[in-house]
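Reading the structure
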Amino acid sequence: MKPLLGGLDLVLAATLLGLAWAVLFSRGRFRAVVLFVALGLVMALVWVRLAAPEVALAEAAIGAGITGAMLLAALPRPGIAKPRRRSRLERAAINTAGAGVLLLMAGAAYLLLALPPGRIGPGPATLEAMEASGVTNRVTAVLLNFRSFDTLLELAVLLLAVIGAWALGRWRPQAAAEAVNPILLTLVRGVMPLGILIAGYLTWIGDWAPGGAFQGGAILGAAAILLALVGRPLPDLFPHGLLRLVLVAGLLVFLGLGALPLGLGLLFLQYPPEQAGGIILAIEAAAALSIGLALALLVYVQQQRAPGPEPPPGKGEPR
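What you see is a predicted model, and the numbers here were worked out from it, not measured in a lab.

We now examine the nonpolar core. Among the nonpolar cores identified, the biggest contains 45 residues, and Leu234, Leu247, Phe254, Tyr271, Ile283, Ile291 and Tyr300 are the most heavily contacted of them. Secondary-structure elements contributing two or more residues to this core are helix H6 (138–146), helix H7 (148–167), helix H8 (182–204), helix H9 (213–229), helix H11 (240–259) and helix H12 (276–304). Of the residues forming this core, the biggest block, 16 residues, is contributed by H12. If we skip the residues at most four places from it in the chain, Leu247 touches Leu159, Val162, Ser290, Leu293, Ala294 and Leu297. Core analysis: the next-biggest nonpolar cluster, separate from the first, contains eight residues, Leu16, Val23, Leu35 and Val46 among them.

Tallied over the full model, the rule gives two cavities of 30 Å³ or more. There is about 60 Å³ of room inside the largest cavity. If you trace the largest cavity, you find it lined by Leu155, Leu158, Leu159, Leu247, Gly250, Leu251, Ser290, Ile291 and Ala294. Elements represented by at least two residues in the lining of the largest cavity include exactly H7, H11 and H12. Residue composition of the lining of the largest cavity, by class: seven nonpolar, two polar and no charged.

Considering only enclosed or pocket space, the largest pocket measures out at about 850 Å³ in volume. As for the largest pocket, its lining consists of 30 residues, of which Glu54, Val55, Val139, Thr140 and Leu143 are closest to the centre. Going through the elements one at a time, helix H3 (53–74), helix H5 (123–129), H6, H7 and H9 are the ones with two or more residues in the lining of the largest pocket.

What follows deals with the side chain of Ser26. Relative to the assigned elements, Ser26 resides in the loop between helix H1 (2–25) and helix H2 (29–49). Within the structure, the side chain of Ser26 is placed 3.1 Å from the backbone oxygen of Gly28, a separation counted as a polar contact.

A separate point is the packing of H3 against H9. In the contact formed by H3 and H9, the axes pass within 9 Å of each other and the chain directions differ by 30°. Put simply, H3 runs roughly parallel to H9. In the crossing of H3 with H9, the sense of the turn from one axis to the other is left-handed. For the pair H3 and H9, the contacting residues are Glu54, Val55, Leu57, Ala58, Ala61, Ile62 and Ile66 in the first and Phe214, Gln215, Ala218, Gly221, Ala222 and Ile225 in the second. By residue class, the composition of the contact of H3 with H9 is ten nonpolar, two polar and one charged.

Rules of the game
Residues numbered from 1 in each chain as written. Predicted model: local features only at pLDDT ≥ 70, side-chain atom pairs only at ≥ 80, totals over all residues. Heavy atoms only, no water. Core = buried A, V, L, I, M, F, W, Y, C linked by side-chain atoms within 4.5 Å. Buried < 20%, exposed > 50% of the residue type's maximum accessible area, 1.4 Å probe, protein only. Helix = DSSP H or I, 4+ residues; strand = E, 2+ residues; numbered from the N terminus. Contact = heavy atoms within 4.5 Å. 1 Å grid on protein atoms, 1.4 Å probe; cavity = no way out; pocket = protein on both sides within 12 Å on 5 of 7 lines; lining within 4 Å. Points joined across faces, edges and corners; volume = space filled by probe spheres on them. Nonpolar A, V, L, I, M, F, W, Y, C, P; charged D, E, K, R; others polar. Polar contact = N/O pair within 3.5 Å; in protein donor to acceptor, adjacent residues only side chain to side chain. Axes fitted to C-alpha atoms, helices over the stretch in contact; angles between N-to-C directions. Parallel < 35°, antiparallel > 145°, perpendicular 65-115°, else oblique. Left-handed = near helix turned anticlockwise from the far one by under 90°.

In structure tokens:
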């Protein structure tokens, strides 16, 4: 069994490196995006082999799914000309970047091999502090207790990304409803309740099993994107004020609950062990809603951009 798993690991590693190289050196943007999505899916398998199912879920849903949809929506309209040859300066820049990445990987591998056995990662320190974390899942304890500043800043960065994207384009309500494929409509109607249920379940079990706010939020974002595919985007279904409130709710709840310990003489985000579990669950519930809405809005604003004119011959981009 071990030789088979070792062979699988070698295949995954070689495929991952090959796809990464193909994405960098692809001459067509559409091809590069498709290869990027494939790279995300293979990366999710790699995280599974590394016993990190939480990261694998986030990589498959956000890294491959929603990010791939955003990149596809941002592609310009295709032209009819042959692909443009890269200049010597562009090729030199790509080769230099590739060589730098290889050197960084070699340095990281050397540092990992130089560490003494049993000293890789914060495992021992995490296990010693688990009783005070309020949860039993080590990943959730690290993300929302031991290193909660990082997660708080991640939510802030995601919110700023949505604000920046929507500052460049205003929402245009849908025109007259177009005919929707009945098969797609039936599929969305059947998948939507299941997706919301799975999102809530993943958020809830994050305290003791693989899951959490980012995984649940990714599922909610995918469900909202499905609604847009059948002509029912969220900005046309709900008041914009309500959507803004949900968008900032995750960050505001995080800040508010993180400030509660200050009244008890503790530090910011230093939750009392007796209430830590409930506080973390409340933060994850609010963050999942905000993350799902933010991911959907990032895709919506790409779809709402009016397509530009057809590129003239000789300056097109092949699909």
